[in-house]
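Here is how the chains run, residue by residue.
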Number of protein chains: 2
Amino acid sequence: MLNIKKLDTLTAEFQSELDRLLAFESEQDTAIERTVEDILRHVRHEGDAAVLEYTKRFDRLDVATMAELELPVERLQSALDNLPADQRTALEAAAQRVRSYHEHQVMTSWTYEEADGTVLGQQITALDRVGLYVPGGKAAYPSSVLMNAIPAKVAGVAELIMVVPTPDGIQNELVLAAAAVAGVTRVFTIGGAQAVAALAYGTATIPQVDKIVGPGNAYVASAKRRVFGTVGIDMVAGPSEILIICDGKTNPDWIAMDLFSQAEHDELAQSILLCPDADYIEQVMVSINKLLPEMPRHEVIATSLRDRGILIKVQDLDEAVKIANYIAPEHLELSMDDADVWAKKIKHAGAIFMGRNTCEAIGDYCAGPNHVLPTSRTARFSSPLGVYDFQKRSSLIQVSAQGANTLGQIATTLAYGEGLQAHARSAEYRMTTKS
Amino acid sequence: MLNIKKLDTLTAEFQSELDRLLAFESEQDTAIERTVEDILRHVRHEGDAAVLEYTKRFDRLDVATMAELELPVERLQSALDNLPADQRTALEAAAQRVRSYHEHQVMTSWTYEEADGTVLGQQITALDRVGLYVPGGKAAYPSSVLMNAIPAKVAGVAELIMVVPTPDGIQNELVLAAAAVAGVTRVFTIGGAQAVAALAYGTATIPQVDKIVGPGNAYVASAKRRVFGTVGIDMVAGPSEILIICDGKTNPDWIAMDLFSQAEHDELAQSILLCPDADYIEQVMVSINKLLPEMPRHEVIATSLRDRGILIKVQDLDEAVKIANYIAPEHLELSMDDADVWAKKIKHAGAIFMGRNTCEAIGDYCAGPNHVLPTSRTARFSSPLGVYDFQKRSSLIQVSAQGANTLGQIATTLAYGEGLQAHARSAEYRMTTKS
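Residues numbered from 1 in each chain as written. Chains lettered and ligands numbered in written order. Predicted model: local features only at pLDDT ≥ 70, side-chain atom pairs only at ≥ 80, totals over all residues. Heavy atoms only, no water.

**Student:** What should I look at first to understand the UniProt feature "binding site: Zn(2+)" (unreviewed entry) in chain A in this one?
**Tutor:** Per the UniProt entry, the sites bearing "binding site: Zn(2+)" (unreviewed entry) are Gln262, His265, Asp364 and His423 of chain A in this numbering. Of the residues just listed, which span 162 residues, the most distant C-alpha pair is 55.8 Å apart, and they do not cluster in one region. Tracing the backbone shows Gln262 of chain A in helix α10 (residues 252–263). Residue classification places Gln262 of chain A among the buried positions, given a relative accessible area of 0%. Among residues more than four places away in sequence, those in contact with Gln262 of chain A are Ser240, Glu241, Ile242, Ala269, Gln270, Ser271, His331 and Glu360 of chain A. Counting through the fold element by element, His265 of chain A comes out in the loop between α10 and β11 (270–275). Here His265 of chain A is in contact with Tyr141, Arg297, Val300 and Asp364 of chain A together with Leu420 and His423 of chain B, once residues within four sequence places are set aside. (UniProt positions renumbered as here; feature names shortened; annotations may be inferred. Helix = DSSP H or I, 4+ residues; strand = E, 2+ residues; numbered from the N terminus. Buried < 20%, exposed > 50% of the residue type's maximum accessible area, 1.4 Å probe, protein only. Contact = heavy atoms within 4.5 Å.)

Below is the structure:
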């Protein structure tokens, strides 16, 4: 019998126990930090030579020139052409749905004119060039390539440079096919901190980008944190979480499998169920123990559920919503009647899956919304990856002759108040009337 | 005669000289880093006691309880009531204009329904509680209080907690008045890394916030970087910059003063002029030397212009635009005819000031747009502070019964392809037809 932590909101220790189980401290490993610091400095100063050296050392690719580390676009297309038909169809259908959804996010420039002719607004532009980090090995998901690349393309980013390590030269066909579907511009078979450094600083071969997105291991995460400011980065994700609020009327096998679908990612993933019905929670436990042996990844699932899973008996659904807002989960399933009405009470969540039919898995792959979501309570202040992460705004200000007088009056008063005389004088020059 | 670096785009060394002059490396001071690390840990574990101890040590405020470090809201209102009438009028007029402009930025939720009844969208919510850092001493600008607080209020943030150090108990009346105008909820007279830590982790007295915004010294910047992830932060700003493109037909005194208005902020501030007319550049130099002695802050201005100022002779305005896009300046003045047309060619800038009447100073105080802007070439990938920084998005997904079949087909194919069987099975449970 798998042992999953059960909590009841009526117990005195509920809040402290919850906080203890939610706590996740991403320790910074000093050895990793030092290594990454060295790699960044080396690539920044030595460029391609350093990238070649690290790629030889870490990925055992012994090539003489950077050109050998670039995959031609035809290679991506042939990976796509050689996919089994059902996989190609699914990949292209998913990409089309993700694209359609993200097109709703495109921001457009706006201006308005005031009575005196002064014009104010914001001009929206796309980033010029974006770097997409794709992990090698087991964590390389084609769906992740789509979710990171398509919003950039929809935003109008002209160049999308993908880096993906290929240790011992082993290439992932599904990942390359996804790059073809997503419209990636160039692909380099490099990875780790050296790939992040090459994208951030540029080398003779690899163009400097404006932003780097995509998941990676601890070295990649550390490198991204360090180059932030030189380039933009997406969030550095923690372990994935799901929180399910269920009224106790969904098939318990479904809920058990939804909890598994989060837990199978990683031993640190967190699956939480909130339900007002104690009997139902027991039924889900029965389903968990029945279904677990059938799962190929049962060891990962069992570890995740035992170490980080929580089954919470709440007093009612309103209390469940309150707890969900406190936790601010990455994924929130509302497995209940009138889920769309309950969703309006949710203040903090990465994605809200409404209704018994809506499992997280469909959102992960193909519903349309992005699967790159804020983890570890950061949904309190951040959003899913989107087109808006690849566009930016410039304020627009055009002051009319009359506006120069009225605005100049305000600006000069405040500027003198702050002791900034050049500010005041430059506004005064534009004033034709002085009070 | 003040010596300002002159460049000509036709010379061979232009690009390398430009890069050298633009380079600004914000060195991380190891001693500061260690101190901040200690302060954060101490406040995290000791809470109010640690905050009291640091406030006594650094600000020489020897109080026994945190309650003595909170300013009542009435204190803010009395600061406003006691302001000279012209300052109060200017402050309230500026706040009203900033509010009106930012109301254009409010994001709203959206959904759309697909043919099979599946509903997709994004739900927009405000952050619950925001911390506003305001520096003590000479860098305390009331305009900065307005620019940071008003977008949060417009976004619908319920609680705005301001922290402002008051070394030796000296309070800045203009700053407190601005807090009253902006609608700040609570004010604590604490500062430094200890204030950032208190806001990020919460103490018995100071509530934990979701995001911390506002400028600060190197300790504050380091503390903000370190608490990022626990809370959101705004950008960590570098020195301020202005880039002016002038066609050579604006009064050279105006342009000289506009360059001064950036330079007077700080010795590290950077002022750049691009002009196709070499004679005009000389006229601006004459104006600079004529006007400089009149400026109270002439020493700061002279140092900034000598060390970091650049006067660039370009071949034409198109080339000027190209260079501006490379530099991605924080402030860009287009002092020329048809500035609104030229602005459409600008891809990267924090704010664009269009036309001879539009000096940066008016934008700094009261035009309406935010004066918190991306510095040091980060306008390539980031935006002015805005209402959007205090709202966030949750994806909305409601899959219909029919959608569960069609989307389930795609999701299961991709999930099996990625080896994630629980994902596939949870989607299959919802399918009533299988292919």
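**Student:** Sorry if this is basic, but what is going on with the side chain of Glu264 of chain A here?
**Tutor:** In this fold, Glu264 of chain A is placed in the loop between α10 and β11. For the buried Glu264 of chain A, no salt bridge exists, and the shortest N-O distance to an oppositely charged side chain is 4.2 Å, to Arg297 of chain A. Within the structure, Glu264 of chain A has its side chain in polar contact with the backbone nitrogen of Ala422 of chain B (distance 3.1 Å). Ignoring sequence-local partners within four residues, the contact set of Glu264 of chain A consists of Arg297, Val300 and Ile301 of chain A together with Leu420, Gln421, Ala422 and His423 of chain B. (Lys, Arg positive; Asp, Glu negative; His and termini not counted. Salt bridge = Lys/Arg side-chain N within 4 Å of Asp/Glu carboxyl O. Polar contact = N/O pair within 3.5 Å; in protein donor to acceptor, adjacent residues only side chain to side chain.)

**Student:** I tried to follow the relation of the copies chain A and chain B on my own but got confused; where do I start?
**Tutor:** Note that the two copies of the chain are related through a rotation about an axis and a translation along the same axis. Aligned on chain B, chain A shows an RMSD of 0.0 Å; the corresponding rotation is 180° and the shift along the axis is 0.0 Å. The operation mapping one copy onto its partner corresponds to a two-fold rotation axis. Of the C-alpha atoms belonging to chain A, the one lying closest to the rotation axis is found on Arg225 of chain A, 4.8 Å away. The fraction of interface residues of chain A whose copies in chain B are also interface residues reaches 100%, indicating that both copies meet through the same surface. (Least-squares fit on C-alpha atoms with pLDDT ≥ 70 in both.)

**Student:** Just to check I follow, could you spell out the packing of aromatic side chains for this structure?
**Tutor:** One pair of aromatic rings is described through two measures. These are the centre distance and the angle between the planes. Using the criterion set out here, one finds 8 aromatic pairs over all chains in the structure. Their ring planes at 5° and their centres at 5.8 Å tell us that Tyr54 of chain B and Phe58 of chain B sit as a pair that is stacked. Of this pair, Tyr54 of chain B and Phe58 of chain B both sit in helix α3 (residues 48–59), 4 residues apart, which is roughly one turn of that helix. One aromatic cluster in this structure is built from Tyr101 of chain A together with Trp110 and Tyr112 of chain B. Positioned over the ring face of Tyr326 of chain A is Arg377 of chain A, at 4.4 Å from the centre of the ring. (Phe/Tyr/Trp six-rings, centres within 6.5 Å; stacked < 30°, edge-to-face > 60°. Lys NZ or Arg CZ within 6 Å of the ring centre and 35° of its normal.)

**Student:** Honestly, the sheet that holds strand β6 (residues 159–163) of chain A in this entry has me stumped. Any pointers?
**Tutor:** In any sheet, the strands associate via hydrogen bonds between backbone groups, in a parallel or an antiparallel arrangement. Residue and element names in this part refer to chain A. What the 6 strands build is an open sheet, ordered β2-β7-β6-β5-β8-β9; its pairing is mixed. Only two strands of the sheet have a single neighbouring strand rather than two, namely β2 (70–71) and β9 (232–233). In the sheet, β2 pairs with strand β7 (residues 186–188) via 2 bridges, with the strands oriented antiparallel. By the bridge assignment for β7, Leu71 is matched with Val187. Relative to strand β5 (residues 129–133), helix α8 (residues 192–201) is tilted by about 175°, and along the sheet it contacts β5, β6 and β8 (211–213). (Pairing = 2+ DSSP bridges. Axes fitted to C-alpha atoms, helices over the stretch in contact; angles between N-to-C directions.)

**Student:** Teacher, can you tell me more about the UniProt feature "binding site: substrate" (unreviewed entry) in chain A here?
**Tutor:** As annotated in UniProt, the feature "binding site: substrate" (unreviewed entry) corresponds to Ser240, Gln262, His265, His331, Asp364, Glu418 and His423 of chain A in the numbering used here. With a sequence span of 184 residues, these residues are also far apart in the fold, their greatest C-alpha distance being 55.8 Å. Examined against the element boundaries, Asp364 of chain A turns out to sit in helix α15 (residues 360–365). Setting aside its immediate chain neighbours within four residues, Asp364 of chain A contacts Ser143, Met147, His265, His331 and His371 of chain A together with His423 of chain B. Considering the arrangement of structural elements, one finds Glu418 of chain A in the loop between α16 (401–417) and α17 (421–429). Classification of Glu418 of chain A by relative accessible area gives buried; the value is 14%. Apart from the residues lying within four places of it in its own chain, the contact partners of Glu418 of chain A are Tyr141, Pro142, Ser143 and Tyr365 of chain B.

**Student:** Teacher, can you tell me more about the state of the cysteines here?
**Tutor:** What is meant by a disulfide is a covalent connection between two cysteines, made through their sulfur atoms. Inspection of the entire model under this criterion finds 0 disulfides over all chains. In this model Cys366 of chain A remains outside any disulfide bridge; the closest cysteine sulfur is found in Cys359 of chain A, 8.9 Å from its own. For Cys275 of chain B, which is in no disulfide, the shortest distance to another cysteine sulfur is to Cys246 of chain B and amounts to 5.4 Å. Relative accessible area serves as the criterion here: at 0%, Cys275 of chain B is assigned to the buried category. (Disulfide = S-S within 2.5 Å.)

**Student:** Sorry, what's going on with the pattern of salt bridges here?
**Tutor:** Where side chains of opposite charge bring their charged atoms close, a pairing between them can arise. Under the counting rule described, the total for this entry stands at 56 salt bridges over all chains. One salt bridge in this structure joins Arg88 of chain A and Asp81 of chain A, with 3.0 Å as the shortest N-O distance. Here Asp258 of chain A makes a salt bridge to Arg430 of chain B, at a shortest N to O gap of 2.6 Å. With Asp258 of chain A in helix α10 and Arg430 of chain B in the segment after α17 (421–429), this pair bridges two chains. The buried category is assigned to Asp258 of chain A, whose relative accessible area is 0%. The buried category is assigned to Arg430 of chain B, whose relative accessible area is 2%. Residues participating in the shared-partner salt-bridge network are Glu33, Arg34, Glu37 and Arg226 of chain A.

**Student:** Hey, could you run me through α16 of chain A in this one?
**Tutor:** Given 3.6 residues per turn, any residue in an α-helix points the same way as the ones three and four places further on. A rise of 1.5 Å per residue sets the reference length of α16 of chain A, with its 17 residues, at 24 Å; its end C-alpha atoms lie 24 Å apart and thus fit the reference within 8%. Along α16 of chain A, the sharpest kink reaches roughly 30°, centred on Gly408 of chain A. Each element contacted by the buried residues of α16 of chain A is listed here: α17 of chain A together with α5 (85–103) and α15 (360–365) of chain B. Downstream of α16 of chain A by one or two residues, Gly419 of chain A has phi in the positive range, about 75°. (Expected span 1.5 Å × (residues − 1). Bend = angle between axes of the 7 residues up to and from the residue.)

**Student:** Which parts of the structure should I look at to understand the interface of chain A and chain B?
**Tutor:** One frequently used descriptor of interface size is the decrease in accessible area upon assembly of the parts. Facing the 113 residues of chain A at the interface are 113 residues of chain B. Across the contact surface, chain A and chain B share 12 salt bridges. At the junction of chain A with chain B, the criterion picks out 64 residue pairs in polar contact (both at pLDDT 80 or more). In terms of residue count, the dominant contributor to the side of chain A that touches chain B is α16 of chain A (10 residues). Here the side of chain A that touches chain B is composed, by residue class, of 54 nonpolar, 34 polar and 25 charged. Relative to strand β14 (residues 351–354) of chain B, strand β15 (residues 391–398) of chain A runs parallel, the two sharing 3 bridges. Bridge assignment links Leu396 of chain A to a residue of β14 of chain B, and that residue is Ile352 of chain B. (Nonpolar A, V, L, I, M, F, W, Y, C, P; charged D, E, K, R; others polar.)

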